[in-house]
Amino acid sequence: MNDRTALVTGANKGIGHHIARLLVAEGFTVHVAARDPELGRRAAEEIGGRPLVLDVTDPGTIADAAARIDRLDVLVNNAGIAPSMAPPAGTDLDELRRTFETNVFGVVAVTNAFLPALRGSAHPRIVNVSSGTASLTWSTNPNPQFAPGHGGAAAYRSSKAALNALTVFYALTLDGFKVNALAPGLRSTDLTARAAAGGDPAEAAEGAVRLALLPDDGPTGGFFSWDGSPVPW
Ligand code: NAP
C-alpha cells in the first residue's frame, strides 16, 4: 500500500494544502498541484510532497501535468475561487464565466485528463471540493440557519451546484470509482478573507481524506459534510 498516489489541485494553501499534508501522512505520494511554480515548490517541500505545476484553467499545464503521471489513486479537485458575493441580478457575466472556468470547467478538464491514470488504480477515488452553500435544499429552507447567503454569491454557489451535478454524473458513469462531493463548512482561509467565524481548514481536510480513503463498499455520487454527514442536494 506504500505506492498509493494522490493529486490535490490548489494545494499550495488553504484547505488543499491540509488535504495534501494529511494524504502524505497517510503514506501517499502526493502531487502538490499549484498554478504558481514557486508557491507549489515551497508548499510541497513543507509537507514532503511532489510539486506539480497545474492551472486548472490552462489546458497546456493540464496536459503537461497529466503526461508526467502514469497512475493515480486519488484525485482531489480542490482549486476554487469565489470572487463575488453578488446576487444574480448584480452578477457580471465575465465574473460568472471566470468562476465557472475554475470551479466547473477546470474540474472537468483536470478529471478527464487524469482519468487514464486513475483507471490504472484498483481503487480510484475522486473528491470534488464543493460547498454547503450550493445545496439548493438548504438555500430554500425557510430556517435561516440553512439559508446561507440568502441568494448572494450567486456565481460561486451556482458553480458549485453544477459541480455537484457533475459529481453525480461522473459517479454514474465511472465503474469501480468512488466520486463524491465535500462540503467543507465555513473555514478561515484566503477564499473567505479569513472569516472570523470560519473554522480550522485542517478539520475540513479530514473530511476530504475520509472520502479519498473510502472502502470499496463505500458510497459514490454523494454529497457529504466535513464531518461525514450527508448534505441534501
Ligand atoms: P484558498 O485558501 O483561497 O485556496 C484556493 C486554492 O485554489 C489556492 O491554492 C489557489 O491558488 C487555487 N486556485 C485558484 N484558482 C486556480 C486555478 N485556476 N488553478 C489552480 N489552482 C487555483 O481557499 P480554500 O478556502 O482553501 O478553498 C479550497 C476549496 O474549498 C475551494 O474549492 C472552495 O470553493 C472550497 N470551499 C471553501 C470554503 C471555506 O469556507 N474556505 C467553504 C466551502 C468550500 P493560488 O494561491 O494561486 O490563488
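All values reported here derive from a predicted model rather than from experimental measurement.

**Some details on the overall build of the chain**
Line of reasoning, step 1. Assigned secondary structure in the chain consists of 7 helices and 7 strands.
Line of reasoning, step 2. When the elements of the chain are put in sequence order from the N terminus, they spell out β-α-β-α-β-α-β-α-β-α-α-β-α-β.
Line of reasoning, step 3. Against the 2.2 N^0.38 benchmark of 17 Å for 233 residues, the chain shows a C-alpha radius of gyration of 17 Å, consistent with a compact globule.
Line of reasoning, step 4. Within the chain, counting contacts between residues at least 6 apart in sequence, those at least 24 apart form 67% of the total.
Line of reasoning, step 5. Carbon and sulfur atoms make up 56% of the accessible area of the chain, which totals about 10700 Å².
Line of reasoning, step 6. Seen as two clouds, the 19 positive and the 23 negative side-chain charges of the chain have centres 1 Å apart.

**Examining the site of the ligand**
Line of reasoning, step 1. Inspection of the region around the ligand gives 28 residues, with Asn12, Asn78, Tyr156, Arg187 and Thr189 positioned closest.
Line of reasoning, step 2. In the model, an oxygen atom of the ligand is placed 2.7 Å from a nitrogen or oxygen of the Asn78 main chain.
Line of reasoning, step 3. Within the backbone of Gly185, a nitrogen or oxygen atom sits 3.4 Å from an oxygen atom of the ligand.
Line of reasoning, step 4. Protein contacts shield 93% of the accessible area of the ligand, which totals 890 Å² for the unbound molecule.
Line of reasoning, step 5. Broken down by secondary-structure element, the contributors of at least two residues to the shell around the ligand are α1 (14–25) and α6 (154–173).

**Concerning empty space enclosed by the protein**
Line of reasoning, step 1. Overall, the coordinates contain 1 cavity of 30 Å³ or more when judged by the stated rule.
Line of reasoning, step 2. Looking at the largest cavity, its volume works out to about 40 Å³.
Line of reasoning, step 3. The wall of the largest cavity is formed by Thr9, Val56, Asn77, Asn78, Ala79, Thr102, Gly106, Val107 and Val110.
Line of reasoning, step 4. The element contributing the most residues to the lining of the largest cavity is helix α4 (residues 93–118), with 4 residues.
Line of reasoning, step 5. Tallied by class, the residues present in the lining of the largest cavity amount to 4 nonpolar, 5 polar and no charged.

**Some remarks on the environment of Asp217**
Line of reasoning, step 1. When you line up the elements, Asp217 lands in the loop between α7 (201–212) and β7 (223–225).
Line of reasoning, step 2. For Asp217 and Ile62, which are 155 residues apart along the polypeptide, the C-alpha to C-alpha distance reads 31 Å.

**Notes on the nonpolar core**
Line of reasoning, step 1. Counting 27 residues, the largest nonpolar core has Val8, Ile19, Leu23, Val30, Val32 and Val76 as the members making the most contacts within it.
Line of reasoning, step 2. Secondary structure elements with two or more residues in this core: β1 (5–8), α1, β2 (29–34), α2 (37–47), β4 (74–77), β5 (125–129) and α7.
Line of reasoning, step 3. Look past the residues within four positions of Val76 in its chain and what remains in contact with it is Leu7, Val8, Thr9, Ile19, Leu23, Val127 and Val129.
Line of reasoning, step 4. Ranked by size, the runner-up nonpolar core spans 23 residues in total, among them Ala66, Leu115, Ala117 and Val179.

**Side note on the sheet that holds β4**
Remark on secondary structure: sheet strands pair via backbone hydrogen bonds, oriented parallel or antiparallel.
Line of reasoning, step 1. Reading across from one edge, β3-β2-β1-β4-β5-β6-β7 is the order of the 7 strands in this open sheet, with parallel pairing throughout. A single partner strand is all that each edge strand has here, and the edge strands are β3 (50–53) and β7. Each strand of the sheet is rotated relative to its neighbour by a mean of 25°, with strand direction disregarded.
Line of reasoning, step 2. Bridge count for β5 against strand β6 (residues 178–183) is 5 bridges, and the pairing is parallel. Paired with Asn128 across the two strands is Ala181, which belongs to β6.
Line of reasoning, step 3. Each of β1, β2, β4 and β5 is contacted by α1, which is oriented at about 170° to β1, the strand it contacts most.

**Some remarks on the pattern of salt bridges**
Line of reasoning, step 1. Taken as a whole and assessed by the stated rule, the structure comprises 10 salt bridges.
Line of reasoning, step 2. Salt-bridge contacts for Asp190 lead to Lys13; the nearest nitrogen and oxygen are separated by 2.9 Å. Of the two residues, Asp190 sits in the loop between β6 and α7 while Lys13 sits in the loop between β1 and α1, which places them 177 residues apart along the sequence.
Line of reasoning, step 3. Look at Asp190 and you get partly exposed, because its relative accessible area is 43%.
Line of reasoning, step 4. The partly exposed category is assigned to Lys13, whose relative accessible area is 45%.
Line of reasoning, step 5. The partner of Glu45 in a salt bridge is Arg41, and the shortest N-O contact between them spans 3.3 Å.

The rules behind the values
Residues numbered from 1 in each chain as written. Predicted model: local features only at pLDDT ≥ 70, side-chain atom pairs only at ≥ 80, totals over all residues. Heavy atoms only, no water. Helix = DSSP H or I, 4+ residues; strand = E, 2+ residues; numbered from the N terminus. Rg over C-alpha atoms; globule rule 2.2 N^0.38 Å. Contact = heavy atoms within 4.5 Å. Areas by Shrake-Rupley, 256 points an atom, 1.4 Å probe, with all protein chains shown as cover. Lys, Arg positive; Asp, Glu negative; His and termini not counted. Charge placed at Lys NZ, Arg CZ, Asp CG, Glu CD. Near = heavy atom within 4 Å. Polar contact = N/O pair within 3.5 Å; in protein donor to acceptor, adjacent residues only side chain to side chain. 1 Å grid on protein atoms, 1.4 Å probe; cavity = no way out; pocket = protein on both sides within 12 Å on 5 of 7 lines; lining within 4 Å. Points joined across faces, edges and corners; volume = space filled by probe spheres on them. Nonpolar A, V, L, I, M, F, W, Y, C, P; charged D, E, K, R; others polar. Core = buried A, V, L, I, M, F, W, Y, C linked by side-chain atoms within 4.5 Å. Buried < 20%, exposed > 50% of the residue type's maximum accessible area, 1.4 Å probe, protein only. Pairing = 2+ DSSP bridges. Axes fitted to C-alpha atoms, helices over the stretch in contact; angles between N-to-C directions. Salt bridge = Lys/Arg side-chain N within 4 Å of Asp/Glu carboxyl O.

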